[in-house]
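Results of the structural survey
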Amino acid sequence: MGNLYHNKTAQWLVYAAFFIGLALIPSFVDDAFLLNQLATYGVYGMLALSISLCWGFGGILNLGQGIAFGLGAYGMAMTMQMQSQSESNPIPPFMLNNSLDALPWFWEPFSNTAAGLFLAIAVPTLFCAIFGGIMFRARVSGPFFAIMTLAMLSAFYTIILDRQPYTGGVNGITPPSALQIAGVEIDPYSSTAYLTVLGILVVATVVAKLITQSSFGLVTQAIRDDAERVRFLGYSVAGYETMIYTVSGMIAAFAGCCLVMLVQYVSPAQMDVSFSLSMVIWAAIGGRLSLLGSMCGAFLIMGAQSYLGDTFLATWLLILGGFFIIVVRFLPNGLASLLESALGLLASKPKTSAEPNGDAKPVPAE
Amino acid sequence: MPGLLEIHNLSKSFDATKVINDFSMEVVEGTLCCLVGPNGAGKTTTMDLVTGRIKPTSGKVIFAGEDITAKHEHVIARAGIGRKFQVPAVLRDLTVRQNLEVAYSRQTNPFWNLFKFRKAGLKEKLDEIATLGGLSGRLNERAGILSHGETQWLEISMVLMQEPRLLLMDEPIAGMTEGEIEKTARIFKDLRKTATLIVVEHDMGFVREIADVVTVMHMGSLLATGTISEIEADARVRDVYLGEKEAA
Amino acid sequence: MDIGSLLNALILGVSIASIWLIAALGLTIIYGAAGVINMAHGEFIMLGAYSSYMLQYYFGLPYLLCIPASFVIVAAVGLVLERGLIQYLYNRPLDTLLATYGVSLVLMQGVRLIFGSDPKYLAAPALFSSNISLGFASVSTFRVVILLVTALCVLGIWLLFYKTRFGVQVRAVMQNKEMAASFGINSSRIYMMTFALGAGLAGVAGSLFGVLAIVLPTMGASYVVQAFLMVVTGGGSLAGTVVASGVTGQLQSVFAFFSNDTFARFLIFVLIVVFLRFRPQGLFAQAGARR
């Protein structure tokens, strides 16, 4: 029968159960702050998902996912900020404080909410397509690509910090009121906001999962294995790499939008190198070869950071770093691979029926 | 009649060393050409130049009337040239079935492949090739655990899945048993009905068995070309190559 | 435009270049010779600064002796790390990157636990805080010291790698580990030594940077990205890193002259990305063996 872990139907069932469980949370949680916090975990889940797609399946280690994430977040913050401006008061206060007396041209489109939201996704996606296209065509790959994303991330971080009149500099942007779409305000502490984020996470997961099961997904995994060999089969490796990198960036851009919707705040911290590296840690610990595993990794670590972080404040990074080293050294495919081995053991014994539980790994079909 | 593949005055230098020196050859459609020569004669480098892995310093490669010199690997592969590497290169983390599925590269566009979940005609082709390559029972195994001989067959099968017009086989029978070599010879002879082959091989017995034309390379240049009996009668070839072989 | 201040910028450029170079030197050796992407390099620099601080504050060691002492201490840390972790990860460059990032978190937090997160200061001899006047321009003496130490380190490495038996062995291992082994070279020992050497050089950089800026557990993070860029731009060779640091340091200074430091840094990063688009193998590529 084979390992249940690799059974596609079982995988979809586990995903469905997982998300139905998450969707039921608002009916049990009354605490609005807790709900808001759980919703931000959804954002981290999206980021881990995007890393898993790009790194786990595409083999492209991206240490600069904060670029797409941050650009999306800034796009959303600009849109929300402009919603608070009016005809008589068209310039955001932080610009006035920096003695800017006209709205910069690239802020103009954000006065229109639809255009602003569109740009919040389109700009980072386009950036990934261009940057990825350039790098992958030049056959920059592996650790070199990782370093390049790191450099690009630092460049963005620096420029946003530097251009304070246009970006709010180190203070970032703090839109005074919640996001309004078509006249309806999305209260960040409501179950509406939670379900919106969850909805986007579900859509992103389903899309990502379908991608991995498509012919595209198979070729991508082949490229991860041996890019050179795949070229001689007639596939444009750069095209595939650019595509998966861009899709992954787009998911991160959505995550950025969601975060700002939830916390009404953006700052260069979203583009900090250490934050982008934490995304990689989530996926690595959860299991980068599994979309669900990576998401669980994000929930697990961010949850632990919030709750244990207070108790072990001083040693938290020590624990996280140590745990990460152990995973890289002894469990390169993360916690999800433990489950895979466990189910594999069950499958190898005849006449054993295993329950599909925990997370599933979408890698090798069958 | 012009050949399916024409190589005109190809040269390639690495730094100051000329690896390929003014090499020309022509392969007629539907024939099997064996490329032989002592180690370092430039056989694999010629394959690299034809498939676009490295770019020539000068000279031209024409395939089916089209200039493919220095084009990208995937463009050349799409034009109809399939290649088996000297060191068998298969996708070790994927299953045998997935290896064959990837090699069945009818649609190569990344965007359209996003929406493709089932490939037309894949199953029949995969069954046929897997049977031919003796891999039917191993389809769900990871390619990385195959034996050396099986890996050779998997890579040959992958090239066959591509259905190329021209197949380049770099030392296909290395590590195969006597029986497998015979089978390979049979398959290659069969393939001539639908495709053209260039086979790099050291085993002269195998070459004698399958070759329509034998091209001998020496020091990056063409030494002789002709039927196997012509080559075996050629004194220069005897000097640089066959002589050595027989003596060894 | 004022020629004097432009010249001043050029001289400052040389100084910046030497800072970039000394920061990247250890990384070059570790990457170039052992193929390890050491994300903990910044924390090695930080350790160097704290070693110097510790020696100076608790043992009253003169600053100039702190520099070699930091080399020894951080090299020892590197040695332990190589034996305990890195040696299991050779040939998995991406995993070395990840694991060493974990190490960097541990080191950073460990130092924070021991020394606290308040800034520390390294005192250099009073002589170093003066300025040297060159007629139209003046430079701080300490920057000249950095330049000299950097030049000394580069010279030392060059001699070690190209003039000694050890260097021949390192280069043999770099080119072909199996072949080197068959000539009786213990590649595991070579890797260990190069890793420790690279770590030690980061320690030297740290004790210099500790005077230039304040000593903080997080100080390493700001050096690691630019150090990597120097190594990648240079192609992983010593000469490459020297040239890359020289050019970028100079450009940084010139750009900063026309705009500001932050914007100059942004421009440099973008230019490097563009450069690598056209020369992905860096300035001086090392011959890589492929199948």
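Just so it is clear, the model here is predicted, and its values are computed rather than measured.

**Side note on the overall build of chain A**
Regarding its fold elements, chain A presents 14 helices and two strands. The C-alpha extent of chain A, read off along each of the three principal axes, is 75 × 55 × 40 Å. Summarising the internal contacts of chain A: among those between residues at least 6 apart in sequence, 80% fall at separations of at least 24.

**A closer look at the overall build of chain B**
A count of helical and extended segments in chain B gives ten helices and ten strands. Its C-alpha radius of gyration of 18 Å places chain B within 12% of the 18 Å reference for a compact globule of 248 residues. A separation threshold of at least 6 residues defines the contact pool for chain B, and within that pool the share at least 24 residues apart is 66%.

**Side note on the sheet that holds strand β5 (residues 66-67) of chain B**
Hydrogen bonds between backbone atoms are what pair the strands of a sheet, whose relative direction is either parallel or antiparallel. Residues and elements named next belong to chain B. Taking strand neighbours across the sheet as the criterion, the four strands line up as β2-β1-β4-β5 in an open arrangement whose pairing is antiparallel. Single-partner strands in this sheet number two, and they are β2 (17-27) and β5. Contacting β1 (5-14), β2 and β4 (58-63), helix α1 (residues 43-51) runs over the sheet at an angle of about 70 degrees to β2.

**Concerning the sheet that holds strand β9 (residues 213-218) of chain B**
Residue and element names in this part refer to chain B. One open sheet accounts for six strands, arranged β6-β7-β8-β3-β9-β10; its pairing is mixed. The sheet terminates laterally at β6 (81-84) and β10 (221-226), the two strands that pair on one side only. Strand-to-strand twist in this sheet, taken as the mean axis angle between neighbours without regard to direction, amounts to 20 degrees. Of the strands in this sheet, β6 and β7 (166-170) are in contact with helix α6 (residues 148-161), which crosses β6 at around 175 degrees.

**Focus on the interface of chain C and chain A**
Taken together, the contact pairs 34 residues of chain C with 34 residues of chain A. Those elements giving two or more residues to the side of chain C that touches chain A turn out to be α4 (93-115), α9 (221-234) and α11 (261-278) of chain C. With 15 residues, α4(C) is the largest single contributor of residues to the side of chain C that touches chain A. Grouping the amino acids of the side of chain C that touches chain A by side-chain chemistry returns 27 nonpolar, four polar and three charged.

**As for the pairing of β9(B)**
Successive side chains on a regular strand alternate, one facing one side of the sheet and the next facing the other. Residue and element names in this part refer to chain B. Along β9, five of the six residues are buried, which leaves the element largely enclosed by surrounding structure. Direction of pairing for β9 relative to β10: antiparallel, over a ladder of five bridges. Across the sheet, the residue bridging to Val 216 is Ala 224, located in β10. Connecting β9 to the next strand, β10, in antiparallel fashion are two residues, including Met 219 with a positive phi near 50 degrees.

**Notes on the interface of chain B and chain A**
It is common to report an interface's size as the accessible area lost on association of the parts. Between chain B and chain A, the residue contacts involve 29 residues of the former and 25 residues of the latter. Among the secondary structure elements, those contributing two or more residues to the side of chain B that touches chain A are α2 (73-79), α3 (96-103) and α4 (110-113) of chain B. Residues that form the side of chain B that touches chain A fall into these classes: eleven nonpolar, ten polar and eight charged.

**A look at unusual backbone geometry**
Residues and elements named next belong to chain B. Backbone geometry places Glu 163, a non-glycine residue, at a positive phi of 50 degrees. With respect to the secondary-structure elements, Glu 163 resides in the loop between α6 and β7. Residue classification places Glu 163 among the partly exposed residues on the basis of 17 C-beta atoms within 10 Å. The phi torsion at Glu 171 lies on the positive side, around 50 degrees, for a residue other than glycine. Following the sequence through the fold, Glu 171 ends up in the loop between β7 and α7 (178-191). Look at Glu 171 and you get partly exposed, because 19 C-beta atoms sit within 10 Å.

Basis of the calculations
Residues numbered from 1 in each chain as written. Chains lettered and ligands numbered in written order. Predicted model: local features only at pLDDT ≥ 70, side-chain atom pairs only at ≥ 80, totals over all residues. Helix = DSSP H or I, 4+ residues; strand = E, 2+ residues; numbered from the N terminus. Contact = placed C-beta atoms within 7 Å. Rg over C-alpha atoms; globule rule 2.2 N^0.38 Å. Pairing = 2+ DSSP bridges. Axes fitted to C-alpha atoms, helices over the stretch in contact; angles between N-to-C directions. Nonpolar A, V, L, I, M, F, W, Y, C, P; charged D, E, K, R; others polar. Buried ≥ 20, exposed ≤ 12 C-beta atoms within 10 Å, placed from the backbone.

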